[in-house]
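The lines below spell out each chain.
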Amino acid sequence: MQELPILTGRLVVLRPITDGDTDCIVAWRNTPSVMQNFIFREPFTPEMHRHWLATKVATGQVVQYIIEDKATGQAVGSVYYRDVDQANHSAEYGIFIGEPAARGKGFGTETARLFTQFGFETLGLHRISLRLLAENLPARRSYEKAGFVLEGTFHDMVVLDGRYRDVVFMAKLAGAEPGESVC
């Protein structure tokens, strides 16, 4: 597996995840404000995270980074590609800002731009997709600013908290300009 670079933007620094990040990841993933935006909502344990690192990150099926606030050096969240498909040059994008004080500051949008550029230019991806709960409008706006476009809405796709929820699918293609349709 190739050595992964550190990515630096105006607001954030993205660095490859390590086992030393486990405590932060577990704390963030178990925070109600983060968990509410995930489809997978089971309590997250250090063992689950270490299994993920060993079976997914170490094998290249997942490329995961930690998001740091460039001004303070504090870890504030994580961004990743899962289901990396080398044959079809595609992957699914995921992100969360775990530190409440870091939300709404543009970290997510800048991370999406940096990480998709890295995905296209370094990892050789052609298609980067994502899915999110339809009611997560702040995330959707951030993804749109980063160049993702709506591909469709799957109505009543998941049951969370006893209610059916819609799931929105978005994607960004290599070479597509922000706002340019991928259809």
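Calculation notes
- Each chain carries its own residue numbering, running from 1 in the written order of its sequence.
- Thresholds applied to this predicted model are a pLDDT of at least 70 for local features of residues and 80 or more for the giving and counting of side-chain atom pairs; totals over whole chains, interfaces and linings are not thresholded and use all residues.
- With hydrogens and water set aside, each side-chain value is computed from the structure's full complement of heavy atoms.
- In this description, strands pair whenever DSSP reports at least two bridges between them.
- Where helices and strands are cited, they refer to DSSP runs of H or I of at least four residues and of E of at least two residues respectively, numbered from the N terminus.
- Two residues qualify as a contact provided that any one of their heavy atoms is within 4.5 Å of a heavy atom in the partner residue.
- Simply put, an axis is a line fit to the C-alpha atoms, just over the touching stretch for a helix, and the angle between two N-to-C directions goes from 0 to 180 degrees.
- Classification of ring pairs uses Phe, Tyr and Trp, with its six-membered ring standing for Trp, and accepts pairs whose centres are within 6.5 Å; under 30 degrees between planes counts as stacked, over 60 as edge-to-face, and the remaining range as tilted.
- Only protein chains enter the calculation, and the probe is 1.4 Å; a residue is then buried if its accessible area is under 20% of its type maximum, exposed if over 50%, and partly exposed in between.
- UniProt positions are given in the numbering used here, feature names are shortened, and annotations may be inferred rather than shown by experiment.
- Roughly parallel covers angles under 35 degrees, roughly antiparallel covers those over 145, roughly perpendicular covers 65 to 115, and oblique covers all other angles.
- Should the near helix be turned anticlockwise from the far one by less than a right angle, the crossing is termed left-handed; should it be turned clockwise, right-handed.
- For this classification, the nonpolar set comprises Ala, Val, Leu, Ile, Met, Phe, Trp, Tyr, Cys and Pro, the charged set comprises Asp, Glu, Lys and Arg, and every other residue, Gly included, is treated as polar.
- Here, a salt bridge means any Lys or Arg side-chain nitrogen found within 4 Å of an Asp or Glu carboxyl oxygen.
- An expected span of 1.5 Å times one less than the residue number is assigned to each helix.
- A score from 0 to 100, pLDDT tells how confident the predictor is in each residue.

Asker: Hey, could you run me through the sheet that holds strand S8 (residues 163-173) in this one?
Answerer: Strand pairing in a sheet relies on backbone hydrogen bonds. The paired strands run either parallel or antiparallel. Taken in spatial order, the 8 strands of this open sheet run S1-S2-S3-S4-S5-S6-S8-S7, and their pairing is mixed. Strand pairing shows two members of the sheet lacking a second neighbour, strand S1 (7-8) and strand S7 (149-160), which therefore form its edges. With 8 bridges connecting them, S7 and S8 associate as antiparallel partners. Along S8, the bridge assignment pairs Gly152 with Phe169. Those strands touched by helix H1 (residues 22-29) are strand S3 (63-69), strand S4 (75-85) and strand S5 (90-97), and its axis lies near 90° from that of S4.

Asker: Honestly, unusual backbone geometry in this entry has me stumped. Any pointers?
Answerer: Note: most residues except glycine have negative phi, and most peptide bonds are trans. Here the phi dihedral of Asp83 falls at roughly 50°; this positive angle occurs in a residue that is not glycine. Counting through the fold element by element, Asp83 comes out in strand S4.

Asker: Is there a simple way to explain the packing of aromatic side chains in this structure?
Answerer: Each aromatic ring pair is described using two quantities: the centre-to-centre distance and the angle formed by the ring planes. Scanning all chains against the criterion turns up 13 aromatic pairs. Seen from their ring centres, Tyr93 and Phe148 are 5.6 Å apart, and the 45° between their planes marks the pair as tilted. Taken together, the residues Tyr93 in strand S5 and Phe148 in the loop between helix H5 (137-145) and S7 connect sequence positions 55 residues apart. A single burial state applies to Tyr93 and to Phe148, both of which are buried. By way of ring pairs, the aromatic residues Tyr65, Tyr81, Tyr93, Phe115, Phe118, Tyr143 and Phe148 are connected into one cluster.

Asker: I keep staring at the UniProt feature "domain: N-acetyltransferase" (unreviewed entry) in the protein and nothing clicks. Help me out?
Answerer: As recorded in UniProt, the feature "domain: N-acetyltransferase" (unreviewed entry) lies at residues 12-175. Secondary structure content for residues 12-175 is 29% helix and 37% strand, while the C-alpha to C-alpha distance between its ends is 24 Å.

Asker: In this structure, what is going on with the packing of H1 against helix H3 (residues 46-57)? I would like to understand it.
Answerer: Two numbers describe a pair of packed helices, the interaxial angle and the distance between the axes. Following both chains from N to C, one finds H1 and H3 inclined at 120°, their axes separated by 9 Å at the closest point. It follows from the interaxial angle that H1 and H3 lie oblique. The handedness of the crossing between H1 and H3 comes out as right-handed. Mapping the contact onto sequence places Thr22, Ile25 and Val26 in H1 and Pro46, His49, Arg50 and Leu53 in H3. For the contact of H1 with H3, a count of residues per class yields 4 nonpolar, 2 polar and 1 charged.

Asker: In this structure, what is going on with the side chain of Thr109? I would like to understand it.
Answerer: Relative to the elements of secondary structure, Thr109 occurs in helix H4 (residues 107-121). Here Thr109 falls in the buried class, since its relative accessible area comes to 12%. When neighbours within four sequence positions are excluded, Thr109 is seen to be in contact with Ser142, Lys145 and Ala146.

Asker: Help me understand the pattern of salt bridges, please; the structure alone is not making it clear to me.
Answerer: Applying the stated criterion across every chain yields a total of 9 salt bridges. Close ionic contact of Arg50 with Asp19 constitutes a salt bridge, the shortest N to O distance being 2.7 Å. With Arg50 in helix H3 and Asp19 in the loop between strand S2 (12-16) and H1, this pair connects stretches of sequence that are 31 residues apart. For Glu135, the salt bridge goes to Arg165, with nearest N and O atoms at 2.6 Å. Placement of the pair is Glu135 in the loop between strand S6 (127-133) and H5 and Arg165 in strand S8, with a sequence separation of 30 residues. Through salt bridges with shared partners, a single network forms among Arg15, Asp21 and Glu68.

Asker: Would you mind going over H4 with me for this structure?
Answerer: Residue pairs spaced three or four apart in an α-helix point in one direction, given the helix's 3.6 residues per turn. With 15 residues, H4 extends 21 Å from end C-alpha to end C-alpha; this agrees with the ideal 21 Å at 1.5 Å per step. Of all 15 residues in H4, 12 are buried, a share of seventy percent or more.

Asker: Got a minute to help me understand the confidence of the model for the protein in this structure?
Answerer: A low pLDDT score tells you not to read the predicted coordinates there in detail. Mean pLDDT over the protein stands at 92; residues scoring 70 or higher make up 95%. Scored below 50 in pLDDT, residues 179-183 makes 6 contacts in the model with residues more than four places away or belonging to other chains.

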